[in-house]
Amino acid sequence: MVDTSFSNMTHSTQATERFLHVITWGCQMNVYDSNRMVDLLRPLGYKVTDKSEKADILILNTCHIRDKATEKVFSELGRLRQIKEYREEQGQETIIAVAGCVAQAEGEIILKRAPYVDIVFGPQTYHRLPKMILDIARKSGNVIETDFPVESKFDFLPAPEEAQGHTAFLTIQEGCDKFCSFCVVPYTRGAEESRPVQAIIDEATRLCELGVKEISLLGQNVNAYHGQGPDGNIWDLVKLAEKLSTIPGLKRIRYTTSHPNDMSDSLIAAHRDLPALMPFLHLPVQSGSDRVLKAMNRGHTAKEYYELVDKIKKARPDIALSSDFIIGHPGESIDDFKATMKLVNDITFAMAYSFKYSPRPGTSAAVSTNQVLENEKDARLQELQAVLKDQQTKFNQDTVGRTIPILFTNKGRKEGQIAGKSPYLQAVHVQGDESLIGQEHLVEVNECLTFSLSGNLVKESIPL
Ligand code: 5AD
Ligand code: SF4
């Protein structure tokens, strides 16, 4: 019955063009999810538009990880409501859908405060989006889909039909069972789940057929990946990456985000032995203080993080490390903060994200009575960010004079330029022909600018 209605809808939508506009906030996984929503709605006749006023469906894919997420959502919804009302005056209907982690956490509140929203659905239910749209088309009222479904959304994802370019994200794992004191992910994304190997290989193969050369494997705990293999065994990230590296056309594999406790010896060894695995590792430490790490429920000490980094650097000396830091977790003293600064100065990071702690409803740290004052958090964050920025600049400057492979992904900002990424995720541009876009070539880096590196193509270079 549902299927019949789908085909009816497809026919009716083909007469007039229908458009879909997705606004994405937050992490790379949200970007991936938004792309899959587009793939799911394409068979219903919806085409993507970047103009919200033109859209028959407006999807706001939200993030709940930090800051005033809910307020931001309501403010954006106010804008979308105006568009909906304006279109209504023109005789056009508009479906407004709120997706992602705020939808998961605050679904009921959203429908109460913004009754003009038609659909609210969490990250685990977006595979049901076509049916939800259909329910709305049947005028059966608002739809809320925030229960964790018994079926896995991974089983219902269509194959990608369009690649956005030569690099792509691919979700291989979702959810988290670690329950760090500050984090909403276990509540909004649910329990840790690994996608089966064959589905990942199929999607990666399809992406490579569409011209993708670099795939970033995504997961909240990606290095804990343990998916069902086609041989009936459980595969870890190393085995998966080895298999993916045999796909024709695939040059580069990255993965993010990793937890230090899941950084196995074999994964460290793969950074030495598997050429496709890029020498860049995002390994959040959050704090350099054992007291705070314990309060955060991170499950390791600062010393253990130092030792882990030593091991990784021994296996792959040129690896670029990146991290996340939270400043002002409840109970963080000046000495705790100094321990974080010491860790940063000792290890040095090529890149890092640092945040002021913000209480997330439902998490254990949010109810702590030991909150750090806002102005104290500000001062500490500034001090940390100044050092992190210097380290990033120094890392980029140290690349000058080196000859490294660059995967060209797009035209540069100036005439005759092409731009791409180094193995260490740095933006690099050179004077070069557009025909090189989608290829990897050796570049001699000769200048470090504010936001990118510039260099020259090595003359005799052939595609790597
Ligand atoms: N406050 C501040 N930063 C947070 N993060 C997660 N939760 C919070 C929070 N409540 C940061 C962590 C994590 C990154 C994705 O976001 O550093 O690694
Ligand atoms: Fe959140 Fe990462 Fe901790 Fe999981 S491991 S609870 S995703 S910070």
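Predicted model only: the values in this text are computed from it and were never measured.

### Here we look at the overall build of the protein
Alright, step 1. Looking only at helices and strands, the protein has 13 helices and 21 strands in total.
Alright, step 2. The C-alpha atoms of the protein give a radius of gyration of 23 Å, which matches the 23 Å a tight globule of 464 residues would have.
Alright, step 3. For the protein, the spread of C-alpha atoms along the principal axes amounts to about 60 × 60 × 50 Å.
Alright, step 4. Among the 464 residues that make up the protein, the fraction classed as buried is 54%.
Alright, step 5. Taking contacts inside the protein between residues at least 6 apart in sequence as the whole, the part at least 24 apart equals 71%.
Alright, step 6. Of the roughly 21,300 Å² of accessible surface on the protein, a fraction of 51% belongs to carbon and sulfur atoms.
Alright, step 7. Charged side chains of the protein number 53 positive and 61 negative; the gap between the two group centres comes to 2 Å.

### Topic: the site of ligand 1
Alright, step 1. As a structural note, the neighbourhood of ligand 1 is formed by I65, R66, F182, Q286, D324, I326, F355, K356, Y357, S358 and R360.
Alright, step 2. One of the side-chain nitrogen or oxygen atoms of R66 is found 2.5 Å away from an oxygen atom of ligand 1.
Alright, step 3. Here F182 contributes a backbone N or O atom positioned 3.0 Å from a nitrogen atom of ligand 1.
Alright, step 4. Its free accessible area being 400 Å², ligand 1 has 88% of it covered by the protein chains.
Alright, step 5. Elements with a minimum of two residues in the shell around ligand 1: strand 15 (320-327) and strand 16 (351-356).
Alright, step 6. Here the shell around ligand 1 is composed, by residue class, of five nonpolar, two polar and four charged.

### Description of the pattern of salt bridges
Alright, step 1. Overall, the coordinates contain 34 salt bridges when judged by the stated rule.
Alright, step 2. The residue D118 makes a salt bridge to K84 at a minimum N-O spacing of 2.7 Å. Placement of D118 in the loop between helix 4 (100-113) and strand 5 (119-121) and of K84 in helix 3 (residues 69-89) is noted, with a sequence separation of 34 residues between them.
Alright, step 3. Judged by relative accessible area, K84 falls into the buried class, the value being 11%.
Alright, step 4. A salt bridge links D273 to R272; the shortest N-O distance between them is 2.9 Å.
Alright, step 5. Owing to a relative accessible area of 52%, R272 belongs among the exposed residues under this scheme.
Alright, step 6. When salt bridges that share partners are traced, they join R36, D39, R42, R195 and E203 into one network.

### Section: unusual backbone geometry
Alright, step 1. In this structure, the amide linkage connecting T256 to the following residue, T257, adopts the cis form with an omega of 5°.
Alright, step 2. Summarising the element assignment, T257 is placed in the loop between strand 13 (252-256) and helix 9 (265-273).
Alright, step 3. The backbone phi angle of L425 is positive, close to 70°, even though this residue is not glycine.
Alright, step 4. Structurally, L425 can be placed in the loop between strand 18 (417-421) and strand 19 (427-431).

### Some details on the sheet that holds strand 17 (residues 403-411)
Alright, step 1. Taking strand neighbours around the barrel as the criterion, the five strands line up as 17-18-19-21-20 in a closed arrangement whose pairing is mixed. Strand after strand, the sheet turns through a mean of 55° between neighbouring axes, direction not considered.
Alright, step 2. Two elements, strand 20 (residues 440-448) and strand 21 (residues 453-457), share five bridges in a ladder whose sense is antiparallel. Bridge assignment links E447 to a residue of strand 21, and that residue is S454.

### What about helix 2 (residues 28-41)?
Alright, step 1. Taking 1.5 Å as the rise per residue, helix 2 with 14 residues should run 20 Å; its terminal C-alpha atoms sit 20 Å apart, in good agreement.
Alright, step 2. Among the 14 residues in helix 2, eleven count as buried, and that is most of the element.

### Considering the sheet that holds strand 1 (residues 18-24)
Alright, step 1. An order of 2-1-3-4-5-6 is seen for the six strands of this open sheet, with the pairing classed as parallel. This sheet does not close on itself; its edge strands, each paired only once, are strand 2 (46-48) and strand 6 (143-145). Neighbour to neighbour, the strand axes of the sheet diverge by 20° on average, direction disregarded.
Alright, step 2. Bridge count for strand 4 (residues 95-99) against strand 5 is three bridges, and the pairing is parallel. Each bridged residue has a counterpart across the sheet, and for A97 the counterpart in strand 5 is I119.
Alright, step 3. The sheet contacts of helix 5 (residues 129-137) involve strand 2, strand 3 (57-62), strand 4, strand 5 and strand 6, and relative to strand 5 the element is tilted by about 160°.

### What about the site of ligand 2?
Alright, step 1. Residues in close proximity to ligand 2 include C176, K178, F179, C180, F182, C183, V185, P186, N221, H259 and R298, which together make up its full environment.
Alright, step 2. Within the shell around ligand 2, the residues separate by chemical class into seven nonpolar, two polar and two charged.

### Describing the UniProt feature "binding site: [4Fe-4S] cluster 1" (unreviewed entry) in the protein
Alright, step 1. With numbering matched to this structure, UniProt assigns "binding site: [4Fe-4S] cluster 1" (unreviewed entry) to C27, C63 and C101. A compact arrangement is adopted by the annotated residues: their sequence extent is 75 residues, whereas the largest C-alpha distance between any two is 10.7 Å.
Alright, step 2. As for its position among the elements, C27 is in the loop between strand 1 and helix 2.
Alright, step 3. For C27, a relative accessible area of 36% gives the class partly exposed.
Alright, step 4. Of note, C101 is situated in helix 4.
Alright, step 5. Beyond its immediate sequence surroundings of up to four residues, C101 is in contact with T62, H64, P123, T188 and R189.

### Points about the environment of K178
Alright, step 1. Relative to the assigned elements, K178 resides in the loop between strand 8 (173-174) and helix 6 (185-188).
Alright, step 2. Residues K178 and T188, spaced ten residues apart in sequence, show a C-alpha to C-alpha distance of 13 Å.
Alright, step 3. In contact with K178, not counting residues within four places along its chain, are N221, H259, D262 and N297.

### Some remarks on the nonpolar core
Alright, step 1. Ranked by size, the top nonpolar core spans 55 residues in total, and within it L217 and L244 carry the most contacts.
Alright, step 2. Not counting chain neighbours up to four residues away, the residues in contact with L244 comprise I200, I201, A204, L217, L250 and I253.
Alright, step 3. In terms of nonpolar packing, the next biggest core, distinct from the first, is built from 25 residues, L129, M132, V143 and F154 among them.

Cut-offs applied
Residues numbered from 1 in each chain as written. Chains lettered and ligands numbered in written order. Predicted model: local features only at pLDDT ≥ 70, side-chain atom pairs only at ≥ 80, totals over all residues. Heavy atoms only, no water. Helix = DSSP H or I, 4+ residues; strand = E, 2+ residues; numbered from the N terminus. Rg over C-alpha atoms; globule rule 2.2 N^0.38 Å. Buried < 20%, exposed > 50% of the residue type's maximum accessible area, 1.4 Å probe, protein only. Contact = heavy atoms within 4.5 Å. Areas by Shrake-Rupley, 256 points an atom, 1.4 Å probe, with all protein chains shown as cover. Lys, Arg positive; Asp, Glu negative; His and termini not counted. Charge placed at Lys NZ, Arg CZ, Asp CG, Glu CD. Near = heavy atom within 4 Å. Polar contact = N/O pair within 3.5 Å; in protein donor to acceptor, adjacent residues only side chain to side chain. Nonpolar A, V, L, I, M, F, W, Y, C, P; charged D, E, K, R; others polar. Salt bridge = Lys/Arg side-chain N within 4 Å of Asp/Glu carboxyl O. Pairing = 2+ DSSP bridges. Axes fitted to C-alpha atoms, helices over the stretch in contact; angles between N-to-C directions. Expected span 1.5 Å × (residues − 1). UniProt positions renumbered as here; feature names shortened; annotations may be inferred. Core = buried A, V, L, I, M, F, W, Y, C linked by side-chain atoms within 4.5 Å.

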